[in-house]
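# Structure assessment
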Amino acid sequence: MAQQFQAKGKHWDKNKEPVNKDVLNNFIKTIEEKNFLDDEILKSSEKLGKFFADLGITNTPFRKFFNQFRMLSGKSITDLKIQLRILQSQIAYSVGRAEGGHGSETLKKEFKELLDKCINKIISSHDEKEYSNFMKFFESLYAYFYYYCPNKRS
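First, a word on scope: everything that follows refers to the structure included in this document. Just so you know, these numbers come straight off a predicted model, no measurement behind them.

In terms of regular secondary structure, the protein is built from six helices and two strands. A total of 154 residues make up the protein; the buried ones form 38% of that total. Once local pairs closer than 6 in sequence are excluded, the contacts in the protein between residues at least 24 apart make up 70%. Carbon and sulfur atoms form 49% of the exposed surface of the protein, whose accessible area is close to 9400 Å².

Take a look at the structure:
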């Protein structure tokens, strides 16, 4: 049986492979040159979904931010950019609380890294469709995350 250790309510299984951050790093490099609907980017959503599930992020905080992004659809470009910056700060706050052991959030800094990169790409884009393209990518990412998430009800 795998030996497990517990620290601050989190389990670590020494027989489980550590989570490889290469999938996130590759996405961050690739998204600079490609758009959210590029086949390579859409294919990466499965790897990223598994990556976030393996990090131990639970469904509730992931779904919370997915829903907040969805509520921004239909906003004017000016309002969208303002709301994205506000959402970016809310993500940072939630990740900071989770990493500090406060509250029940399980978000990780990698989640913030991904969404920071995506938000910055949307805000700097001159394409009005960039946000809707991002939402299609994010929907795919969330679907794969949900598929791989071991505890879907938390």
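Having put the structure on the table, let's press on.
This paragraph deals with the environment of Y131. Tracing the sequence through the fold places Y131 in helix α6 (residues 130-148). Take Y131: its relative accessible area is 6%, and that puts it in the buried class.

For the coordinates displayed, the defined rule picks out 20 aromatic pairs. Judged by centre distance (4.2 Å) and plane angle (10°), the ring pair of F62 and F145 falls under stacked. Taken as a pair, F62 in helix α3 (residues 59-70) and F145 in helix α6 lie far apart in primary sequence, 83 residues in all. Note on accessibility: F62 and F145 belong to one class, buried.

Topologically, S44 is positioned in helix α2 (residues 39-55). A relative accessible area of 13% places S44 in the buried class. Not counting the four nearest positions on each side in its chain, S44 is found in contact with F27 and F137.

One finds F52, F69 and F134 to be the most contacted residues of the largest nonpolar core, which totals 40 residues. Broken down by secondary-structure element, the contributors of at least two residues to this core are α1 (22-31), α2, α3, α4 (77-99), α5 (109-124) and α6. Residue contributions to this core peak at eight residues, all from α6. In this view, F69 contacts L84, L87, I91, L115, I119, Y131, F134, M135 and F138; residues no more than four positions away in its chain are not counted.

This part is about the pattern of salt bridges. In this structure the tally under the stated criterion is seven salt bridges. Residues K117 and E32 are paired through a salt bridge, measuring 2.7 Å at the closest nitrogen-oxygen approach. Of this pair, K117 sits in helix α5 while E32 is found in the loop between α1 and α2, placing the two residues 85 residues apart along the sequence. Taking relative accessible area as the criterion, K117 reaches 24% and is therefore assigned partly exposed. For E32, a relative accessible area of 55% corresponds to the exposed category. Between K43 and D39 there is a salt bridge, with the nearest N and O atoms lying 3.2 Å from each other. One end of the pair is K43 and the other is D39, both in helix α2 and four residues apart, which spans about a single turn. For K43, a relative accessible area of 56% corresponds to the exposed category. Judged by relative accessible area, D39 falls into the partly exposed class, the value being 48%. A network of salt bridges, in which partner residues are shared, links K34, D38 and E40.

The rules behind these values
- Residues numbered from 1 in each chain as written.
- Predicted model: local features only at pLDDT ≥ 70, side-chain atom pairs only at ≥ 80, totals over all residues.
- Heavy atoms only, no water.
- Helix = DSSP H or I, 4+ residues; strand = E, 2+ residues; numbered from the N terminus.
- Buried < 20%, exposed > 50% of the residue type's maximum accessible area, 1.4 Å probe, protein only.
- Contact = heavy atoms within 4.5 Å.
- Areas by Shrake-Rupley, 256 points an atom, 1.4 Å probe, with all protein chains shown as cover.
- Phe/Tyr/Trp six-rings, centres within 6.5 Å; stacked < 30°, edge-to-face > 60°.
- Core = buried A, V, L, I, M, F, W, Y, C linked by side-chain atoms within 4.5 Å.
- Salt bridge = Lys/Arg side-chain N within 4 Å of Asp/Glu carboxyl O.

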